[in-house]
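Coordinate inspection notes
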Amino acid sequence: MSVWEMLFYILVFPGLLFLLAWTFFVFYFARKTLAYIHKRVGPHYNGPAGTLQTVWDVFKLLTKESITPKSADPYLFNIIPIITPLVAALPVILIPWSPAINGGRPILDTDYGVLGLVVLIGVEPFLLFLTGFGSHNKYSFLGGMRILAQMISMEAPFFLAALSPALLFGTMNLYEIMYSNNWLTTLILLPGAIIFIITMLGILEQPPFNIPDAEQEIVYGFYTEYAGTNYTLLKFAEFTEILVVSAAAVTLFFGGYRGLFFDSFWWLFLKIAILALIMVAIRASNPRLRLDQMLKFTWSWLTPLAILNLVWVIFAKLYILGV
Amino acid sequence: MERIKEVLNNFDMEYVEDYKPTWVKAKLKNKDDITKVVKALKEVGIRSCSTVSPTDFPEENRMEINYFLEDIVNKKNVWLKVDIDRDLDKCEIDSITPILESADYHELESYSTFGVKFKGHPNLRYFLISRDYYGKFPFRKDFDWEEHEKHLIENVNAIAEEFFEEYEENEKTVGHEDSRTVLHWGPTHPASGPIRLKVYTNGENIEKVEPDIGYVWRALEKLSERKDFIGTIVAVERVCFMDNTNPMICYAQAVEEIAGKEITPFAKYMRVILGELGRTVSHLISMGGFFGTMGLQTFLMWCLDVREYFLDALEDYSGARIATACIEPGGVRYPLNDYKAWFEEINKAIEKWEKTKPDIEDIFLKNPLMTTRAKNKGIFSHEDVIDNYLQGPIARASGVKTDVRIDEPYAAYGELKMDYVTCENGDARDRLEIIYKEINQSIDLIKQAMVKIEEGIEKGEMDPKKDHLVKMPRRMPAGEAVSRVEWARGEMLMHLVTTEKSTNPYRLKIKAPSVNHTRMLEKLIPGHSLSDIPLLYGSMHICQGDLDR
């Protein structure tokens, strides 16, 4: 890998520029779709059909004053928004993005891809907890505690669901998992995929599991004290995480960038967009759950189901695929 | 009725007389008897106190206190008066809160604004009014507003200083040793509106809630004393912007009663239509806001979409969408020059609602996540409703049959077909469903009233261009009246006092339902978790406009 190649990966694709473009896109996409369901117009004036609105919004936020509250821990408060997007962007190197890059393989082609993905995604909420902790605000702290509670209970089924394709194909290499996938295995893995998508909503703090940043209850939780650049960075991290986790779901369960007739990045993008659409639709039609209801749901339903799913995958491997 | 009169006659009364079909009006001679009278009344079933309204007569050196006591179940009400001394150190009377707990906030309000000391009140404190009025009793006739306003800046600074002192003291005393802390839910909270709930929590569990109100206190009752009888409708309609027409109906009825005028049948039906339009508009926001408390804005947007059509109808009639000022003493304000076009507009709104109804039912009222959160949460029993005097939709959600439109028909409600709409369980979910049912009932009433008007015009009994207003006298005779309407959130009661040849109200007491509903939060919320505050608060459909006035 040459230096230029590496710089291209870091700065353009799938690095900084791509993630920025994705942030603008998904922000716009969510706003416009939500507006359509709300019977509103949504972004309208800037650019064709309001496409530039989110770009302006992000730059407007960057020009705003970054306030550090008197009572907050200044180092923790300001350093976490820098670390968070970096950690959120790390799993990008483990995912095979396009046949045109690195021969279709992930940039870091390792045999422990699934493990790395799950661990790097799982680190993120602890950083967000630290933002709540460093803000020294009651609401932020409550938000931080809620993140921890949600993370601990969501991670078990998340892990178990991500394990099912690895178990079925006998490898943790994401590239190999992606290429072993076919219509039959997709069907076998469907229960796992559904559990993965549900836990994904929890890990990304999307409705109905947006408990840690519930605005009506605890005033946006850990976001309460953030403004300006810091807020932008945290939001950027959030959207990056949405991209990474959806891409992980598509790679693990729905064949990544492989598609009908030809393989391309756009197939991956289409699948991610469909996942994003599902997320927006759930967000537009369902109220938030309570914390204790979420705990009950994950521990008494989701985790046992995820374990049962593993049993099903082993059964299918032995008797349907006959390996 | 006879039984109540018998009970009242056992005491030393100046007079006991009938007033309207459902009221007994009585005046007590000796103020020391008040607790005994109320106790005796409680035994015959009068268990709710609607409000306490003092009237100040400086010339005669007396303060007249009006108690409005109600029996919700049997629809028998008592209007009890008693005179007390006006001097600040002698201005005291026994509190009835230990007997009828629904009098609690109303007594506090009377103490803060008139300086009536209620002996034996469990927690007598200044309430509702802003800090710079503490100890000055702003609703007394001799309170100098101009002098007070001269010191506005000083007062604001004093409030700010006091706040910082309190803040520093709290920093020292309120520590974070264990998981207990105090959260301020409001007044700038995304879901609260201008009210502050001091929430004492242990982790996520709530131990105690103290409502702190008065953030939008506009002294409307005092303001109306400075305006003339027509100008007062502007103050009255600003009680709450959501349901704007019904308070004006309530006020107009009180004025008409004192003037001794009867309005035309056409105006009566118009009041029904306008009142029900106002109720629908308000209920649509309440219903959407209920889901907003759980983080789902879609429903609110859909409701606002439907609401636009109803506002269009209001705009067509009055020229304004929110603050319509379309009802005045003597009838309704404007003639209907083209009644068919206006009815067309209303029909359009009704059609829009009918078209949205199936979606609302399928997506939102049957939403499984909403049901898991709201079912069996915050249940009010029959007893709770009567003892704390919860009203309107909240009472009907618990299956209590109370509705002023049927109990004491006003406008043209007596001639329309309607029945009590009720739910059974009285939990948060039922308080959402009742709103939905009531919108349907309102629309049914609007349709009936429109048919009646059309029939009347065809028969030549009504003239929409002339019948809208009866001429009212320019100067009012002395008198007082009580008028009640079923407002969107419950019973609204106005007590109007006038003097001989007056051009403006001498005293106007506005009683609105949110006061009791806010008081109920103290009992409702503790024991639940933090996530339930917005849900339970939203389920009470509280509006701070009518809470603070």
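Residues numbered from 1 in each chain as written. Chains lettered and ligands numbered in written order. Predicted model: local features only at pLDDT ≥ 70, side-chain atom pairs only at ≥ 80, totals over all residues. Heavy atoms only, no water.

**Quick notes on the overall build of chain A**
Filter applied, for reference: Each helix corresponds to a stretch of at least 4 residues labelled H or I by DSSP, and each strand to a stretch of at least 2 residues labelled E; elements are numbered beginning at the N terminus. Radius of gyration: over C-alpha atoms. The globule rule applied is 2.2 Å multiplied by the number of residues raised to the 0.38 power. Partly exposed describes any residue whose relative accessible area lies between the buried limit of under 20% and the exposed limit of over 50%, with all areas from a 1.4 Å probe on protein chains only and scaled to the type maximum. We call two residues in contact whenever any of their non-hydrogen atoms come within 4.5 Å of each other. Per-residue and other accessible areas follow the Shrake-Rupley method at a 1.4 Å probe size, with only the shown protein chains counted as cover for residues. In this tally, Asp and Glu contribute negative charge and Lys and Arg positive charge; neither His nor the terminal groups of the chain are included. Think of each charge as sitting on NZ of Lys, CZ of Arg, CG of Asp or CD of Glu.
Counting its regular elements, chain A contains 13 helices and 0 strands. Computed over its C-alpha atoms, the radius of gyration of chain A comes to 20 Å, within 12% of the 20 Å expected for a compact globule of 323 residues. Taken along the three principal axes of its C-alpha coordinates, chain A extends 65 × 50 × 45 Å. Relative to its full complement of 323 residues, chain A shows a buried share of 54%. Within chain A, residue pairs in contact and separated by at least 24 positions form 76% of the contacts whose partners lie at least 6 positions apart. By element, 74% of the accessible surface of chain A is carried by carbon and sulfur atoms, the whole surface being about 14200 Å². Positive and negative charge centroids in chain A, built from 18 and 18 side chains respectively, lie 10 Å apart.

**Quick word on the state of the cysteines**
All names here are of chain B. Our working rule: In plain terms, two cysteine sulfur atoms within 2.5 Å form what is called a disulfide here.
One pass over the structure, following the stated rule, counts 0 disulfides over all chains. The thiol sulfur of Cys 423 is not disulfide-bonded, and the nearest other cysteine sulfur, from Cys 303, lies at 17 Å. On the basis of relative accessibility, which here comes to 6%, the residue Cys 423 falls in the buried class.

**A few points about the nonpolar core**
All names here are of chain B. Convention followed: The term nonpolar core refers to a set of buried residues drawn from Ala, Val, Leu, Ile, Met, Phe, Trp, Tyr and Cys, joined through side-chain atoms within 4.5 Å. Domains are outlined according to an automatic or database domain assignment.
Judged by nonpolar contacts, the single largest core of 100 residues is most densely connected at Ile 273, Met 287, Trp 342 and Trp 353. Split by domain, this core shows at least three residues from each of two domains, domain 1 (2-142) and domain 2 (220-548). Excluding its chain neighbours within four sequence positions, the residues that come into contact with Trp 353 are Leu 284, Met 287, Val 306, Phe 310, Ile 360, Tyr 436, Ile 439, Asn 440 and Ile 443. Counting 78 residues, the second-largest nonpolar core is a separate cluster that includes Val 7, Val 37, Leu 80 and Phe 139.

**Some points on the pattern of salt bridges**
Residue and element names in this part refer to chain B. Spelled out, the test is: Salt bridges are counted wherever a side-chain nitrogen of Lys or Arg sits within 4 Å of a carboxyl oxygen of Asp or Glu.
Taken as a whole, this structure holds 62 salt bridges over all chains when the rule is applied. One salt bridge in this structure joins Glu 408 and Lys 20, with 3.9 Å as the shortest N-O distance. Taken together, the residues Glu 408 in the loop between α15 (404-407) and α16 (428-459) and Lys 20 in the loop between β1 (13-19) and β2 (23-28) connect sequence positions 388 residues apart. In this structure Lys 20 comes out as partly exposed when scored by relative accessible area, which is 32%. Arg 62 serves as the salt-bridge partner of Glu 60, at 2.6 Å between the closest nitrogen and oxygen. The class of Arg 62 is buried, set by a relative accessible area of 18%.

**Structural notes on the environment of Leu 277 of chain B**
Residues and elements named next belong to chain B. Residue placement: Leu 277 occurs in helix α9 (residues 265-292). By relative accessible area, Leu 277 is classed as buried at 0%. With residues near it in sequence (within four places) discarded, Leu 277 still touches Phe 310, Ala 313, Leu 314, Trp 342 and Ile 446.

**Considerations on the pairing of strand β9 (residues 196-202) of chain B**
Residues and elements named next belong to chain B. To keep it simple, the criterion reads: Criterion used throughout: strands pair if DSSP finds at least two bridges between them.
Both strand β8 (residues 180-185) and β9 contribute to a ladder of 6 bridges, which runs antiparallel. In the sheet register, Thr 181 faces β9, and the bridge partner there is Thr 201. Both β9 and strand β10 (residues 205-212) contribute to a ladder of 7 bridges, which runs antiparallel. For Arg 196, the partnering residue across the bridge sits in β10 and is Asp 212. In textbook terms, the turn of a hairpin is the stretch between consecutive antiparallel strands, and for β9 and β10 this stretch comprises 2 residues, one of which, Gly 203, has a positive phi near 65 degrees.

**Examining the side chain of Gln 150 of chain A**
Looking at the element boundaries, Gln 150 of chain A is found in helix α6 (residues 138-169). Sequence-distant contacts of Gln 150 of chain A, that is, excluding residues within four places in its chain, are made with Gly 202, Glu 205, Phe 209, Ile 211, Pro 212 and Met 294 of chain A.

**Brief notes about the sheet that holds β10 of chain B**
Residue and element names in this part refer to chain B. Basically, it comes down to this: In this analysis, axes come from line fits to C-alpha atoms, helices being fitted only over the stretch in contact, and the angle between any two N-to-C directions falls in the range 0 to 180 degrees.
What the 3 strands build is an open sheet, ordered β8-β9-β10; its pairing is antiparallel. With partners counted over all chains shown, the strands left at the sheet margins are β8 and β10, one partner each. Within the sheet, the average angular offset between the axes of one strand and its neighbour, ignoring direction, is 20 degrees.

**Thoughts on the packing of helix α2 (residues 16-37) of chain A against helix α3 (residues 53-63) of chain A**
Any two packed helices are characterised by the angle at which their axes cross and by the distance between the axes. All names here are of chain A. What counts is decided by this rule: A crossing counts as left-handed when the near helix is turned anticlockwise from the far one by less than a right angle, and as right-handed when that turn is clockwise. Nonpolar residues are Ala, Val, Leu, Ile, Met, Phe, Trp, Tyr, Cys and Pro. Charged residues are Asp, Glu, Lys and Arg, and all others, Gly as well, are polar.
Interhelical geometry of α2 versus α3 gives an angle of 115 degrees and a closest axis separation of 9 Å. As α2 runs across α3, the sense of the crossing is right-handed. Touching Phe 24, Phe 27, Tyr 28 and Arg 31 of α2 are Gln 53, Thr 54, Val 55, Asp 57, Val 58 and Phe 59, all from α3. In terms of residue class, the contact of α2 with α3 is made up of 6 nonpolar, 2 polar and 2 charged.

**Points about the domain arrangement of chain B**
Residue and element names in this part refer to chain B. The line we're drawing: A quick way to say it: buried area is the sum, across both parts, of accessible area lost when two parts are put together, with a 1.4 Å probe. Polar contacts, as used here, are pairs of N or O atoms within 3.5 Å; protein pairs need one atom able to donate a hydrogen and one able to accept it. Residues neighboring in sequence count only if both atoms are side-chain atoms.
Each assigned domain of chain B is listed with its residue range as follows: domain 1 (2-142) and domain 2 (220-548). Taking the mean C-alpha position of each, domain 1 and domain 2 sit 27 Å from one another. On the domain 2 side, the residues contacting the 39 residues of domain 1 number 37 residues. Buried area between domain 1 and domain 2, both sides added, is near 3200 Å², and the carbon and sulfur share of it is 51%. When residues of domain 1 are sorted by the area they lose upon contact with domain 2, Arg 47, Ile 72 and Tyr 105 head the list and together hold 18% of the total. With its nearest N and O atoms 3.2 Å apart, the salt bridge here joins Arg 47 to Asp 387. In this structure, the connection of domain 1 to domain 2 is made through 26 residue pairs in polar contact (both at pLDDT 80 or more). Listed by contribution, the elements that provide at least two residues to the side of domain 1 that touches domain 2 are β2, β3 (48-57), β4 (62-71), β5 (76-85) and α3 (104-114).

**A look at the pairing of strand β14 (residues 490-498) of chain B**
Residues and elements named next belong to chain B. The buried fraction of β14 amounts to 9 of the 9 residues, a majority that puts the element mostly inside the structure. Note: strand β13 (residues 479-487) against β14, 9 bridges, orientation antiparallel. Among the inter-strand pairings, Trp 487 is bridged to a residue of β14, identified as Gly 490. Between the antiparallel neighbours β13 and β14 lie 2 residues. Pairing of β14 with strand β15 (residues 507-511) involves 5 bridges; the strand directions are antiparallel. Looking across to β15, one finds that Val 497 is bridged to Arg 507.

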